[in-house]
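# Coordinate analysis (summary)
Residues per chain, in single letters:
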Amino acid sequence: MAHTAFFGNLVDNLRLYVRGGSGGMGLPRLGGQGGNGGDVWVVAKKDVTLKRIKDKYPQKRFVGGAGANSRVRSLRGERGEDKQIFAPVGITVTTDDGRILGDLNAEGDRVIVAKGGPGGSRYTAFEPSKGQVKHIRLDLKLIADMGLVGFPNAGKSSLLTAISNATPQIASYSFTTLKPEIGKLMYKDYKQISVADLPGLIEGAHINKGMGHKFLKHVERTRQLLFVVDVCGFQLASQTPFRSAFETVQLLTKELELYKEELVSKPALLVVNKMDLPDAEDKLQELKEHLQNPDQFSDLLPDMIPKKYMTFKHVVPVSATTGFGIDHLKSCIRESLDEDAAMETKAIHQERLQALRYPSHEHL
C-alpha cells in the first residue's frame, strides 16, 4: 500500500506508480517504424486536491498509451496517447528516493514523470522498447509546521513574537500571493519549528469576505493548527455580537469546516491568550468545562454549531504580554509535532515491510 500522510482525512502527500507507454512493433519487410509510447505528465490544475486524486484513482497507477504497430497501410505507427495526472498547484514532484523532478507553482505547469518507450525501427531490429517505470511522490508544499488560527483581536502577532527568538519575518512563496509572517521557535537541541501567522480570519470567511478564503486555503499548508483565543472572548465590531472564548473556538471550527471539512481533523492545540486580564482564571475553567462537554453547551451557539468539534491535544493558557506559559507552550508544540513525525515514520516502515512481504505485480 502506498504511504500517504493523513491529517484525519487531509492528504498532504501521495505516492503513485507511473509507467510510460510501450512502443509499437516495427515492420521488418517494409522497414516500417512502430509508434512511440505515450509519456506520463503531472499537470497543475486549480481546484484539484491530493485527496481527490486518491479517491478517484484508488490503485494510484497511471500508464501512458501504447504506440501503434507499423502496418502495411500505415508504415509509421501512431504515437501512444500521453497520460495526464491533474494535481494541485503548489506541489513538489519527486522520485521515491527524493530526487526532485519538478515543482508546480502555477496553473498549467507540467512535469514529465515517465517517458514512453521508442517504437521498433531498423536500428532496434524492429523490436519496440517498454516505457519508463517509476514510483513518484506528490508533496504539498508546506509554509510552516504550525499555522495560527484566530480572529484579529486574539493577540496572534504578539504571541508569535513572544514564542519566536527573533522578530517574525514576512515570507513570500512562488506558489501563492499570500505573505504570512513566519516565526522560528528554537530549542536547546537546535531543533527549529516554524509557525505562520496568516492574515486575520474574520467571521464569514468561508463566504470569501476579505482575506478569509485565501487564509483558509493556506491553513492546509501547515502540519498542525494552533488556535488562539482571547480568554475573555471578543466582539469583532460594534454591530456584531459578543462571543465568549468557547463560542470563538466553535466559530473558528465552523469557518474551517465550511471551507473544507477535512481541516477539522488536523492535529490542533488551543492557546488561551491574555491570561493577565482580570477574572481570566475563572473564565479559563469555564472554557475547559465547555470544551469537555460541548454538546451540553451548544445552545450557547445560536447559528454555528460545527458538525464535528475540534479535539485539542493540549489547551495551554498563556499571556503574550507577561510571558506566562510561553515555555510550556513551546514544549507542547514540540511534543505534538514529534508525536506526529514518529507516527509517520512508523507508517513508512510498515509500508516498506509490506512491500517486501508482498512484492507488487506492478512491474510485470
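Predicted model, so just to flag it, every value in this text is computed and none were measured. (Residues numbered from 1 in each chain as written. Predicted model: local features only at pLDDT ≥ 70, side-chain atom pairs only at ≥ 80, totals over all residues. Heavy atoms only, no water.)

This next bit is on the packing of aromatic side chains. On inspection of all chains with the given rule, the structure shows three aromatic pairs. Ring centres of Tyr57 and Phe62 lie 4.9 Å apart, and the angle between their planes is 65°; this geometry places the pair in the edge-to-face category. A ring pair is formed by Phe227 and Phe312, whose centres lie 5.2 Å apart and whose planes are at 70°; its orientation type is edge-to-face. Placement of the pair is Phe227 in strand S14 (residues 222-230) and Phe312 in strand S16 (residues 312-317), with a sequence separation of 85 residues. (Phe/Tyr/Trp six-rings, centres within 6.5 Å; stacked < 30°, edge-to-face > 60°. Helix = DSSP H or I, 4+ residues; strand = E, 2+ residues; numbered from the N terminus.)

In terms of burial, strand S6 (residues 91-95) is largely enclosed, as five of its five residues are buried. Side chains of S6 alternate between two faces, with Ile91, Val93 and Thr95 and Thr92 and Thr94 buried alike. For S6 and strand S7 (residues 100-104), the ladder comprises four bridges, and the chain directions are antiparallel. From the neighbouring strand, Thr94 faces S7, where its bridge partner is Ile100. Taken together, the five bridges between S6 and strand S9 (residues 133-140) define a ladder with antiparallel strand orientation. Among the inter-strand pairings, Thr92 is bridged to a residue of S9, identified as Asp139. (Buried < 20%, exposed > 50% of the residue type's maximum accessible area, 1.4 Å probe, protein only. Pairing = 2+ DSSP bridges.)

Turning our attention to helix H5 (residues 280-292). In this model H5 runs 18 Å from its N-terminal to its C-terminal C-alpha over 13 residues, within 8% of the 18 Å that 1.5 Å per residue would give. Residues Ala280, Leu284, Leu287, His290 and Leu291 constitute the buried set of H5. Take H5 and look down its axis: the buried residues cluster within an arc of 125°, on one side only. Across from the buried face of H5, at angles greater than 90 degrees, the exposed residues are Asp282 and Gln292. The secondary structure elements touched by the buried residues of H5 are helix H4 (245-259), strand S15 (268-273) and S16. (Expected span 1.5 Å × (residues − 1). Arc of directions from axis to C-beta. Contact = heavy atoms within 4.5 Å.)

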